[in-house]
Amino acid sequence: MGLSASVLAVDAGNSKTDVAVVAADGEVLGTARGGAFRPPAVGVERAVDALADAVTRAFAAAGVTAVEHVSACLANADLPVEEEQLAAALHARAWGGSVEVRNDTFAVLRAGVAEPLGVAVVCGAGVNCVGMRPDGRTARFPAIGRISGDWGGGWGLAEEALWHAARAEDGRGEPTELARTLPAHFGLDSMYALIEALHLRRVEPVRRHELTPVLFATAADGDPLARSVVDRQADEVVAMATVALTRLDLLAEPAPVLLGGSVLAARHPQLDERIRELLAARAPKAVPRVVTAPPVLGAVLLGLDQVGAAPGAGERAREHFTA
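One structure accompanies this document, and this report is about it. (Residues numbered from 1 in each chain as written. Predicted model: local features only at pLDDT ≥ 70, side-chain atom pairs only at ≥ 80, totals over all residues. Heavy atoms only, no water.)

Bringing the sheet that holds strand 7 (residues 127-132) into the picture now. If you trace the 5 strands from one edge of the open sheet to the other, you get 8-7-6-9-10, paired in mixed fashion. The sheet is open, and its two borders are formed by strand 8 (138-140) and strand 10 (286-290), each paired with just one other strand. The average undirected angle you get between the axes of adjacent strands in this sheet is 15°. (Pairing = 2+ DSSP bridges. Helix = DSSP H or I, 4+ residues; strand = E, 2+ residues; numbered from the N terminus. Axes fitted to C-alpha atoms, helices over the stretch in contact; angles between N-to-C directions.)

Right, let's talk about the sheet that holds strand 5 (residues 96-103) for a bit. Read from one edge of the open sheet, 5 strands run 3-2-1-4-5, paired in mixed fashion. Either end of the sheet is taken by a strand with one partner, and the two such strands are strand 3 (28-34) and strand 5. With direction set aside, neighbouring strand axes in the sheet form an average angle of 15°. As paired elements, strand 1 (residues 6-12) and strand 2 (residues 17-23) share 7 bridges and run antiparallel to each other. In the strand pairing of strand 2, Ala 12 is matched with Thr 17. Packed on one face of the sheet, helix 3 (residues 80-92) meets strand 4 (67-74) and strand 5 and runs near 150° to strand 5. Docked against the sheet, helix 12 (residues 295-306) engages strand 1, strand 2, strand 4 and strand 5, running at close to 145° with respect to strand 1. (Contact = heavy atoms within 4.5 Å.)

Moving on, we come to the packing of aromatic side chains. In total, this model carries 0 aromatic pairs according to the counting rule given. Between the NZ or CZ atom of Arg 102 and the centre of the ring of Phe 106, over which it lies, the distance is 5.0 Å. The ring of Phe 141 carries Arg 247 above its face, with NZ or CZ at 4.8 Å from the centroid. (Phe/Tyr/Trp six-rings, centres within 6.5 Å; stacked < 30°, edge-to-face > 60°. Lys NZ or Arg CZ within 6 Å of the ring centre and 35° of its normal.)

Have a look at this one:
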């Protein structure tokens, strides 16, 4: 295989990294898995160092030392300036002749469509949305938390559930079973006990994410306030998708809306049904579906798009990752 006929695809997230080396005909020549990619925590250079081990192993499996193009879909590449900074850092490693860095939400979108057309909403720890058209036009949001207008995601839902449960118990808010179910998850008998345990780190803060499934279970049991929180998450997902579709002039034609991330992939009936109901009202031609293909496939396909790969290359790569 010549170096002009290959792509290094990287899907680097907050918990793991997947790397693949792919020929221009779509044959997957080597893959590897690495650890978390967290530039905000460790700095750009150390974060890229963490990618290097997986890239080296994938290159070794493929029998190459470099490729024509690097297609990297990276968590924490939320702003164009961050994408540029990360692209420069990757280019300096000389892994490929050209480098394109995108936010990792683009990988979810491209993995779920036959051509680069549509919108993806990812609701995992946080929430994000991107859209693209074959002509290169994109739609996106900063997606860096409440300061950029975001609401929800696993962490946000857990925080919202805690807020409502605390106020229910002390009388400032409406009654809700969350005041019982959230502390019970940790074997505690009151919200006061849970608040104290979280504050004093007897329950580690990282365990807050465990409360999101408790929220959904409480909603499924009929608690009105828990149900209202789930409904708001559905509204946020559809609001982002509808704005992205509008920006790309896709409201008037059938367009896929891909749903990804742990919260949406769990297919909670209330959330799933509410999203589809709201989309039918606000974007009737949208075609929602949950993405099950691994995001690294999206990075592969974006790379093959960029190098003008042979017809059928995308299908060959997809078969490898979805078999």
